[in-house]
Amino acid sequence: MRSINERYFEDYVQGAVHDYAQAVETVDEAEMLAFARRFDPQPIHVDAEYAAGGPFKGLIASGWFTAGLLMRLFADNYLSRVASLASPGVDELRWPVPVRAGDRLWLRATVDLARPSNSKPDRGIVRTRCELINQDDQAALTCVAVNLLLKRP
């Protein structure tokens, strides 16, 4: 696939799988805790003593923090910088495996659908199945991202 600085709708081929294992985000405990304290202050995310006795046997990252890490990897590696117009949303967001401080995460993006827009001939719609893969090859987050992208001029 072309560089994200040269990528247009036509470069997103239905069925293509793109692994970005070389671009790893390591979960920083201080960032994880700061996010949780501000936006998701549940005890499993902010209270180590409570979390140690809970179902996960220790602190876990907020799913919303994890979604932010996925978005960073998605924007830095997969989504076009020259043709991306907007996103009408994300579907099927799941957190099947907890994320912890020190985990190493990378993005796998599978193009589920790439079709021209029915109403605007200069663009297309791309549905991407995203997986945030951890160091144990487990999907820590899955979702389907929907993006509107310009066609190549």
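So, here is what we can say about the structure in this document.

Thresholds, definitions, all that
Residues numbered from 1 in each chain as written. Predicted model: local features only at pLDDT ≥ 70, side-chain atom pairs only at ≥ 80, totals over all residues. Heavy atoms only, no water. Buried < 20%, exposed > 50% of the residue type's maximum accessible area, 1.4 Å probe, protein only. Helix = DSSP H or I, 4+ residues; strand = E, 2+ residues; numbered from the N terminus. Arc of directions from axis to C-beta. Contact = heavy atoms within 4.5 Å. Polar contact = N/O pair within 3.5 Å; in protein donor to acceptor, adjacent residues only side chain to side chain. Core = buried A, V, L, I, M, F, W, Y, C linked by side-chain atoms within 4.5 Å. Pairing = 2+ DSSP bridges. Expected span 1.5 Å × (residues − 1).

Some thoughts on helix α1 (residues 29-39)
So, point 1. Those residues of α1 not exposed but buried are Met 32, Leu 33 and Ala 36. The arc that holds every buried residue of α1, seen down its axis, measures 90°, which confines them to one face. Exposed and facing more than 90 degrees away from the buried side of α1 are Ala 30, Arg 38 and Phe 39.
So, point 2. Buried-residue contacts for α1 involve α2 (43-46) and α4 (63-77).
So, point 3. The residue sitting at the N-terminus of α1 and contributing the capping side-chain oxygen is Asp 28; that oxygen lies 3.1 Å from the backbone nitrogen of Ala 30.

Examining the side chain of Asp 11
So, point 1. Note that Asp 11 resides in the segment before β1 (17-26).
So, point 2. One polar contact links Asp 11 to Arg 2, side chain to side chain, over a distance of 3.1 Å.
So, point 3. Polar side-chain contacts of Asp 11 include one of 2.8 Å to the backbone nitrogen of Tyr 8.
So, point 4. Look past the residues within four positions of Asp 11 in its chain and what remains in contact with it is Met 1, Arg 2, Glu 6 and Arg 152.

Brief notes about the nonpolar core
So, point 1. With 34 residues, the main nonpolar core has Tyr 78, Leu 107 and Val 126 as its most contacted residues.
So, point 2. Residue assignment for this core shows that the elements contributing at least two residues are β1, α1, α4, β3 (104-116), β4 (123-133) and β5 (139-150).
So, point 3. No other element matches α4, which puts 6 residues into this core.
So, point 4. When residues no more than four places from it in sequence are discounted, the contact partners of Leu 107 are His 18, Asp 19, Tyr 20, Leu 70, Leu 73, Phe 74, Tyr 78, Cys 130 and Glu 131.

Thoughts on the pairing of β4
So, point 1. One ladder, built from 10 bridges, connects β3 with β4; its direction is antiparallel. In the strand pairing of β4, Ala 109 is matched with Cys 130.
So, point 2. In this structure, the hairpin formed by β3 and β4 is closed by a connection of 6 residues.
So, point 3. When β4 meets β5, the two strands line up antiparallel, connected through 11 bridges. Bridge assignment links Ile 125 to a residue of β5, and that residue is Leu 148.
So, point 4. Here β4 folds back onto β5, and the loop between the two strands holds 5 residues, one of which, Asp 137, carries a positive phi near 60°.

Details of the environment of Asp 11
So, point 1. Residue classification places Asp 11 among the buried positions, given a relative accessible area of 15%.
So, point 2. Once the C-alpha coordinates of Asp 11 and Ala 52 are considered, the two residues, 41 residues apart in sequence, prove to be 46 Å apart.

Considering α4
So, point 1. With 15 residues, α4 should reach 21 Å at 1.5 Å per residue; the first-to-last C-alpha distance of 21 Å fits that figure.
So, point 2. Within α4, the full set of buried residues consists of Gly 63, Phe 65, Thr 66, Ala 67, Leu 69, Leu 70, Leu 73, Phe 74 and Asn 77.
So, point 3. In this fold, the buried residues of α4 make contact with β1, α1, β3, β4 and β5.
So, point 4. Regarding α4, its N-cap is Ser 62, as a side-chain oxygen of that residue lies 3.1 Å from the backbone nitrogen of Trp 64 further along.

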